[in-house]
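The chain contents come next:
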Amino acid sequence: MRPDALLSTAEAKVAIRVAGTVQGVGFRPFVYSQAQKAGLSGFVRNHGGDVYIEVAGLSRSIQEFADKILLEAPPLAEIRLVEVTPLPVTSEPRNGFRVVESQGTPGGEPGISPDVAICQKCRQELTDPKDRRYRYPFINCTDCGPRFTLLKDIPYDRALTSMSAFTMCPDCQREYGDPLDRRFHAEPDACWECGPTPVTVLEDPLPGDAPPSALLSACPQALLPGPQERRDEWLTQAQWALSLGKTLAIKGVGGFHLACDAASSQAVQFVRERKKRPGRPFAIMVRDLGLAHDWFYIDSQEAELLSSRQAPIVILRKRPRCPVAENVAPGLDHLGVMLPYSPLHLLLFQDTGGPKPPLALVMTSGNLAGMPLCYADDEARESLVKATHGLVLHNRPILRPCDDSVVRVVDGAPLFYRRSRGYVPSDMTVPLDTRVSVFAAGAMGKNVFGIFSDNRIRMSQHVGDLWNEAMVERYSFAVRDFTELYRFRPEVVAVDAHPDCLAAQAARELFPDAEVAAVQHHHAHMTSVMAEHGIRQECVGLILDGTGYGNDGMVWGGEVLHGDYSEFQRFAHLAYVSMPGGEKAVLEPWRMAASYLKATMGSQGIEAAKVLLSSVFEKVSLLWPALDWEGYPLTSSAGRLFDAVAALCGISLVNTYDGESASLLGEMALKEHWRRCGQDASFAAEIDAWEKEGGSDDCTQICLAPLIGPAVRSMVSGISAAEVAYGFHARLAAVLTWHVRQACRRLGVNTVVLSGGVFQNPLFLHLTAKYARELGLTTLWPKAVPPNDGGLCLGQSLVGAYIGMR
C-alpha cells in the first residue's frame, strides 16, 4: 500500500516498512523527530535490513509523516520502498514516540551505507580547542564516518560493529541515547575518553628536537597511549617523520596508505623502489580545495566530486607551477588528487606547533606490487614495514578492505576508473524482471564481483588483479564476507568465458551447487552499459580493451557487436595480428609495433623499424622472421594497437604497469588537443583520408594499414609525436564510428554503447562520442561503473540471469 492510499478517518494506526539504505544514516532519529512534530505515538526500530515503524494518530498527520519520510530523508539515506499497512485502531492511550531495540530477521536484505567523508559539523568540532573531541582522529556522527568497513552483521547496531569493544563514556552514551542529538545511534561514536586511539611507531628515533617516538622494534598493541596521555603525540611524530622525507604506512578507513611528501622526488622514489612500482602513477592528498585550485585546473564538476561525501580520487590536469614531484606520475600531466576525507587524514595537515606539515602527501594503496591491500595491523607489521620508515596505527579494527575510488570528468560527466570507497555497497536497479539470483564473478584484472537478485545488483569494492595465489585468497575472502553479510546464495554463477580465469575457478569452488553461466567478455562489457542506462532493446556495442577471450579462441579487444542480454553477434573487428611472445607482447609494446609493421607494410616494415625502433632494432631483427609463425596467438585488441603506436612514436617501449604505453600516448594526444584549443579533427576529413590510404568498406575486418601507415610516415618525416598521437586518435575514432554506423544501418538500430578499458582514454572517448552524435546515433557509455573490467560483473549478472531463465 502506498502512503497516499491511507484512509481519511479521524484516527488511524499504520505499520510502515522502509527499505533501502536506511541503517547507520540517521534515519531513526529523523523518524523520531518527524513523529514528534506530527504529534504521533508509536515506535521505530531497525528490522533486519529495513526500518520498521508503527504510528497512531490523526490520519492527516500520518499521511504528512509518511510523505516526509519519502521526500525529506537524511542525506545518506537511499529509499527504495515505503510500504504502508493499516493496523486496527485501539483505545490504548498514546504514550509518545520511542526508538526501540533493533530486531534481526534471517534472510533480510540490508541497505548498508558506504563509508563517507567527515561532515562539516564534525570538521568544525575537530578543530575547535574548546570541544571535547578537539583533534580526536575518529570523530563522526550519523551524517558521516565509516560504515561498510566496520560492520560485522545486520542490523546496524554498535554490538555488530568493530566498535563493540569500546564502552561509551557517560557523555557519549548521553548523545547516543538522545533522539534529538546529532549522534543518536551513531554506532562508531566515541571520544578521547572511551574510543579508539592512534600511535605512530618509527624505524629510527627522530632528531633531538623532536618528541620521543615508539620504535618498530617494540611495536605491540600495548604501546597505544591511553586516551588521557599525550593526545597529540602520534600526530607530531607523524608530521616530523613526513617533514623529514620519511615514508609512513598510515591506517585509514578501509586500509593502509603509503604516504610521503608529494613534493619530495627522493621520498617518492623511495616508495617506488620499496613498493616495486617503477612507473604507475601515485595518487596524492592535498590539504584543501583552495590549494588544489592553485595547483590544478579544476572545473565545477571536478570540485563537486572532490568535496562530495564520497570523496574519490579525481584525475586533474596540473597547472604549470604545480610543485608536486614529477616522479609522482612519470610522463603524465594529470594526477589523481583527493582531499582529506577522514578526521585522521585532516589532522596530518594541521599545524600542531611542530614542523610545518607537507601541503600534499602521496597517498598510494598500502600494498606491495601485485599483493592485496593491507588493512590489519599484523599485515602491515609483516609486509609494509619493508616499504616504510614507520607506521601510524590505531586500535579500531577494519573488518573489510576498501580501496579509494578513482574518477575523471569527461565531457561534463563522471567516468569511473575504480568504484570502491564511498560508493560501495550501494545497489543499482536493472532492466530485468526475474527471480533468478546470480553471483557475477568479475574478471581477472581490476576485479569487482556482484550479487544480483530482485532486479538489483550490489557490486563489491575493488578487489584488484587476480594474478597470484595471495590475490585469489583475498578474492575468496571478499566473496564469502560479502555474500554472508547479505545472506546471499546464488542459483547461477556467471563467469568470464576464458578457460583459465582464476575468478571463475574460485567462484565455482565457492558455490559448487550453482549453475555455471560462461559469459563472453565483450558481451558482458556491452550489457553492463545497457543495464546501467536501462536499455531493454537490441543495440550496437563498440567494445575496445586490451584482452578478452573470443568465441573463436582468439584474443579479442577491438569489436563491433550487436545484440541484447540473451545473445550477441560480432559484426566487425580490428584485423587480426600476431602477438609475438604471447604475454610478453603485453609487457613489451615494441613487439606489437613490429607485428603491426609487418602485417601492414610487409617487407618495407623492417626499414621503418630501423628508424622508429632503433634502440631495440637488434631484438626486432631477430624477431622479424618469426612474426609469421602460426603458433603465436592472434589478437584484434585495440589496447595492443595503442601500445604499438606508442612504441612507433618513441613514447614507450615497455609497460611497467597495465596500460602504461596507451596512457602515455593518450596524454601526448591530449597536449595536441589543448594546443588546437579543442578544435577537433573533422570526421569527414578523417574518413576521406582513410579511404585514400586504402581503407576498405569490408564491414567485418577493419583494415589496419590506413592507421599504421600515416603514423609511420609522419614520424619518419619528423612530425612531432604529439601530432602523430592526436592524428591516430582522430583517425581510429572516425574509422570505428564509421563501422558502427554501418552496423546500425544494416541492423536497423540507433543506440550505440561504448565500453572497455580503452574508453578510459578521455580524448578517444570524447572524439568517438562526438563523431557518433554527428552521425545521429544515440551514444551511451558508463557513468556509474567503470568502462574497464571493474564494471564487467554488472553485465555478467544480467547475461547470467537470462541463461538461468532458459
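Residues numbered from 1 in each chain as written. Predicted model: local features only at pLDDT ≥ 70, side-chain atom pairs only at ≥ 80, totals over all residues. Heavy atoms only, no water.

A. Spotlight on the packing of aromatic side chains. Tallied over the full model, the rule gives 20 aromatic pairs. With a centroid separation of 6.0 Å and 10 degrees between ring planes, the pair formed by Y565 and Y802 is classed as stacked. Of the two residues, Y565 sits in the loop between β25 (555-563) and β26 (568-574) while Y802 sits in helix α24 (residues 792-805), which places them 237 residues apart along the sequence. According to the relative accessible area criterion, Y802 is partly exposed, its value standing at 26%. Linked through ring pairs, F148, F439, F449, Y475, F482, Y486 and F511 together constitute an aromatic cluster. Geometry around Y341 places R421 over its ring, the cationic atom sitting 3.6 Å from the centre. (Phe/Tyr/Trp six-rings, centres within 6.5 Å; stacked < 30°, edge-to-face > 60°. Helix = DSSP H or I, 4+ residues; strand = E, 2+ residues; numbered from the N terminus. Buried < 20%, exposed > 50% of the residue type's maximum accessible area, 1.4 Å probe, protein only. Lys NZ or Arg CZ within 6 Å of the ring centre and 35° of its normal.)

B. The arrangement of the pairing of strand β24 (residues 539-549) in detail. Taking burial as the measure, the 11 residues of β24 include eight buried ones, the bulk of the element. Here β24 runs beside β25; their pairing, made up of eight bridges, is antiparallel. From the neighbouring strand, G541 faces β25, where its bridge partner is L561. Counting the residues between successive antiparallel strands, the hairpin from β24 to β25 contains five residues, one of them, G553, with a positive phi of roughly 85 degrees. (Pairing = 2+ DSSP bridges.)

C. How the structure looks around the pattern of salt bridges. For the structure on display, the rule yields 38 salt bridges. D333 is the salt-bridge partner of K671, the closest N and O atoms lying 3.6 Å from each other. Taken together, the residues K671 in helix α19 (residues 660-675) and D333 in the loop between β12 (313-318) and β13 (334-338) connect sequence positions 338 residues apart. The residue D454 makes a salt bridge to R435 at a minimum N-O spacing of 2.4 Å. Linking D454 in the loop between β20 (450-453) and β21 (456-459) with R435 in the loop between β18 (427-429) and β19 (438-440), this pair joins segments that are 19 residues apart in sequence. In the salt-bridge network here, residues are joined through shared partners; they are E125, R132, R133, E175, R182, R183 and D189. (Salt bridge = Lys/Arg side-chain N within 4 Å of Asp/Glu carboxyl O.)

D. How the structure looks around unusual backbone geometry. In this chain, V424 is followed by P425 through a cis amide linkage whose omega measures 20 degrees. Residues other than glycine seldom take positive phi values, yet D454 does so here, at roughly 50 degrees. Here N455, not a glycine, exhibits a phi torsion of approximately 65 degrees, which is positive. Of note, N455 is situated in the loop between β20 and β21.

E. View of the sheet that holds β21. As summarised here, the arrangement of the six strands in space is β18-β21-β20-β19-β22-β23, forming an open sheet in which the pairing is mixed. Strands at the two margins of the open sheet, each flanked by one partner only, are β18 and β23 (515-519). Across the sheet, the mean angle from the axis of one strand to that of its neighbour is 25 degrees, orientation sign disregarded. Looking at chain direction, strand β22 (residues 492-496) and β23 are connected through five bridges and run parallel. Across the sheet, V493 pairs through a bridge with V516, a residue of β23. Docked against the sheet, helix α12 (residues 502-510) engages β19, β22 and β23, running at close to 165 degrees with respect to β22. (Axes fitted to C-alpha atoms, helices over the stretch in contact; angles between N-to-C directions. Contact = heavy atoms within 4.5 Å.)

F. Representation of the nonpolar core in the model. One finds I284, F296, V620 and L641 to be the most contacted residues of the largest nonpolar core, which totals 174 residues. Per-element accounting of this core gives the leading share, 15 residues, to helix α22 (residues 721-747). Excluding residues within four positions of it along the chain, V620 makes contact with W590, A594, I606, A609 and L613. The next biggest cluster of nonpolar side chains, apart from the first, holds 37 residues, and it includes F452, I543, V785 and L792. (Core = buried A, V, L, I, M, F, W, Y, C linked by side-chain atoms within 4.5 Å.)

G. Spotlight on α24. Between the first and last C-alpha of α24 there are 20 Å, a value that for 14 residues agrees with the 20 Å anticipated at 1.5 Å per step. For α24, a buried count of 11 out of 14 residues is recorded, marking the element as mostly surrounded by other parts of the structure. Along α24, the positions that sit buried rather than exposed are L792, C793, L794, G795, Q796, S797, L798, V799, G800, A801 and I803. (Expected span 1.5 Å × (residues − 1).)

H. Seen up close, the side chain of S637. With respect to the helices and strands, S637 occurs in the loop between β28 (634-635) and α18 (638-648). The exposure class of S637 is buried, given its relative accessible area of 0%. A distance of 3.1 Å separates the side chain of S637 from the backbone nitrogen of G639, its partner in a polar contact. At 3.1 Å, the side chain of S637 and the backbone nitrogen of R640 are in polar contact. What S637 contacts, discounting residues up to four positions off in sequence, is D545, G546, V555, W556, G557, G558, L574 and Y596. (Polar contact = N/O pair within 3.5 Å; in protein donor to acceptor, adjacent residues only side chain to side chain.)

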